[in-house]
Amino acid sequence: MLKILKYSFFDLVRSRWSYVYFLFYLLLSSVLLFLNNDLSKAIITLLNVVIILVPLIGTIFGVMYYYDSQEFTELLMAQPITRKSIFLGQFLGVATSLSLSVLLGLGIPFVLYGLFQSNVIFDFLILIVVAVFLSFIFSALAFNIALSNTNKIKGFGYAILVWLLLAVIYDGAFLMALMYFQEYPLDQFSLLATLFNPIDLSRILILLKLDISALLGYTGAIFSAFFGTVWGSFVSVGVLVLWVVFPLWRMLHTVNKKDF
Amino acid sequence: MKINFILFFFIIVSVASHAQNRTLNVCAQDCEFSSIQTAVDQAKPGDSIFIKKGIYKEHDIFIDQKSIHLYGEKGSIVDIDHKGYGFKVEASDFSITNLSIKNVEVSYTSDYAAIYLFKCFDFKLKNITLEKAFFGFLIEKSKDGVVEQNDISGTGQSEASSGNAIHLWNSKEMTIRDNEVYDMRDGIYIEFGGDNVFENNYSHDNMRYGLHFMFSDDNRYSYNTFQNNSAGVAVMFSKRIEMNHNVFKKNWGTASYGLLLKEINDGKIYNNTFENNTIGITADGSTRMVYRENDFINNGYAVKFVGGSYQNDFSRNNFLYNNFDLSYSGGLNNNSFDTNYWSDYTGYDLDKDGYGDVPYRPVKLFSYLVNQTPESIILLRSLFIDIINFSEKVTPVFTPENLVDYQPLMHEVQW
């Protein structure tokens, strides 16, 4: 498995897309930092970009990589290697290379700017952790989609749909539910609803750490009362881990059964 | 000739009486007096009392109907040692200057103050430093006083165990200027007072309000800075208050705002700066107010109308980079928002008259939704919200139809 991981990782690291992705983040965060002069504000803007772009790139890139390396995968399967290690290796290769691009792209300008002397280092760490988690979650989802669809067009279609669902439509349904049931106490519900969507969860985790959380009013107070506790952070990280583990488990399950 | 003689006589008498005005020295040793109270008791009207450098452990120093002038030098400290009031004064034409007073008793039943004035007229409190004050200056039923260049601070533990720095009750025509007040409950509090002026004060880090009006008509406050208070200024149940050239900044927290207007009418708010507040102005039942040439910069909400506000007029204000420019509930109620500058405005000006050709709607769909369902604020900064805000901007459905700036300015107002 490690060999395959290493192979996919270096394959991807050498590819043009990783560089583009890395350079994009590098450019974005350096421009934000050097034009804005305000670390906290820069983090808010980056948050907006991260929670939309990381999932999108994760899904598209994952699906693309799977279809691209299909022939190579089939060749590998002819070798005495377990399917588990082949696919796990490929997935980890994709996810780590994506995470690395984000990590370095965002990290280098911040470090150069003097992050270690500033007091927002913790907020920034959460941003990075969230970005890494989102990369892992959405590339796992992408592998699932690609495995279930041999038709590439269909695969890409579903990938975009999944992204759209979690990034946009879920919030729409959430908002509708809030409006529709506004007569009822909704704070527990909204807490639960955010836990079920990794993008929302990531957004809230970062927002609560920033000054802007004061705007969230009493709903925000309930959220920070929950996420501020050890139990709350444990649950939120646990949910994010589950979002990685469950698609992975399904991926391995289908891989073992699938007739290639 | 006779009139001249009388005039001459009066001059002589007044000069003579001035000549009798003495200066009594108070110091720890080797002076006429070692206690301020005995000096006050011995003083005649018009006398001055010079309190020399040193620490005086005295409390409840009572000035009863005597027009005298107390002054100290650097290092003249009255230590109340947590035993009630510092000075209690009921007099007119007196002054207290250059003094330091500390350790006022904290009480949950009495309003102990460093200096307590009752029915005082034509007085001056100047250059007084108060430390660990419970109440600073407690001024009741007084008139024509000047309170200037004082530095007042408390311990700032909790709202219940702290008092107000400058507390005016039933007082008229006072001038409060150039004071710095901090770590108190309210910086400056005024109840049942009229025609007072508050200028150039710096009120910061107070637990409740920087400046607080209750039932006080016809007052003015200008050129003050209110920073990092629980709320900058609260104006409640008052009429014709004039507020200009003040700076409200960093009043940031879940329940904070720069300026709270509660049941107030006919006020004028102009040339103020609201910066980095959670809410710039909360207007609750305020009517016929004029808002002109104010800057709202980087606030969570610039202006929040809670309800029951009629005929307010916003014009030539700058709304710059606020999360929400306006939050509004209820009908339009003749409030007008024309000719302001909005940094979110994306329209164009083809005829180059300085006004945008497309009307601007300051209420975003999201701020409308948050008003309806407060829990939906949790979707702040979600992509979905950006999308519906945009679509609402293109074709308004939900946001109040008439709440429009028909002549949004293309350039920032310079005032």
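Residues numbered from 1 in each chain as written. Chains lettered and ligands numbered in written order. Predicted model: local features only at pLDDT ≥ 70, side-chain atom pairs only at ≥ 80, totals over all residues. Heavy atoms only, no water.

The name recorded for chain B in an unreviewed UniProt entry is Nitrous oxide reductase family maturation protein NosD, from Psychroflexus aurantiacus. One UniProt comment on chain B, placed under Pathway (unreviewed entry), says "Protein modification; protein ubiquitination." (UniProt positions renumbered as here; feature names shortened; annotations may be inferred.)

Going by the annotation in an unreviewed UniProt entry, the name recorded for chain A is ABC transporter permease, with Psychroflexus aurantiacus given as the source organism.

Right, let's get into the UniProt feature "transmembrane region" (unreviewed entry) in chain A. All names here are of chain A. This chain's UniProt record puts "transmembrane region" (unreviewed entry) on residues 20-36, 42-67, 87-112, 124-146, 158-181, 201-223 and 230-249. Overall, residues 201-223 shows 61% helix and 0% strand. The separation of its end C-alpha atoms is 11 Å. With 100% helix and 0% strand, the stretch residues 230-249 has end C-alpha atoms that lie 27 Å from each other. (Helix = DSSP H or I, 4+ residues; strand = E, 2+ residues; numbered from the N terminus.)

Counting residues in hydrophobic clusters, the biggest one holds 201 residues, and the most contacted among them are Phe-87, Tyr-221, Leu-259 and Leu-261 of chain B. When residues in this core are grouped by element, the largest group, 18 residues, is from helix 6 (residues 121-148) of chain A. If we ignore the near neighbours within four places in the chain, the residues touching Leu-259 of chain B are Tyr-221, Val-233, Val-235, Met-243, Phe-248, Ile-269, Phe-274, Gly-280, Ile-281 and Thr-282 of chain B. (Core = buried A, V, L, I, M, F, W, Y, C linked by side-chain atoms within 4.5 Å. Buried < 20%, exposed > 50% of the residue type's maximum accessible area, 1.4 Å probe, protein only. Contact = heavy atoms within 4.5 Å.)

Take the pattern of salt bridges next. Residue and element names in this part refer to chain B. All chains considered together, the criterion is met by 15 salt bridges over all chains. Taking the shortest distance from any N to any O, the salt bridge between Lys-57 and Asp-79 comes out at 3.5 Å. One end of the pair, Lys-57, is in the loop between strand 3 (54-56) and strand 4 (61-64); the other, Asp-79, is in strand 6 (residues 76-79), and 22 residues separate them in sequence. Connected through shared salt-bridge partners, Lys-124, Glu-148 and Arg-177 make up one network. (Salt bridge = Lys/Arg side-chain N within 4 Å of Asp/Glu carboxyl O.)

On to the UniProt feature "domain: Periplasmic copper-binding protein NosD beta helix" (unreviewed entry) in chain B. Taking the numbering used here, the UniProt-annotated feature "domain: Periplasmic copper-binding protein NosD beta helix" (unreviewed entry) corresponds to residues 159-347 of chain B. Between the end C-alpha atoms of residues 159-347 of chain B the distance is 47 Å, and the span holds 0% helix and 47% strand.

Further remarks concern a nonpolar patch on the surface. A cluster of nonpolar side chains, namely Leu-100, Leu-103, Leu-104, Ile-108 and Leu-112 of chain A, defines an oily patch on the protein surface of about 420 Å² accessible area. Mapped onto the elements, Leu-104 of chain A comes out in helix 5 (residues 83-113). (Patch = residues over 30% accessible without salt bridge, like charges linked within 9 Å, V, L, I, M, F, W, Y side chains within 5 Å. Areas by Shrake-Rupley, 256 points an atom, 1.4 Å probe, with all protein chains shown as cover.)

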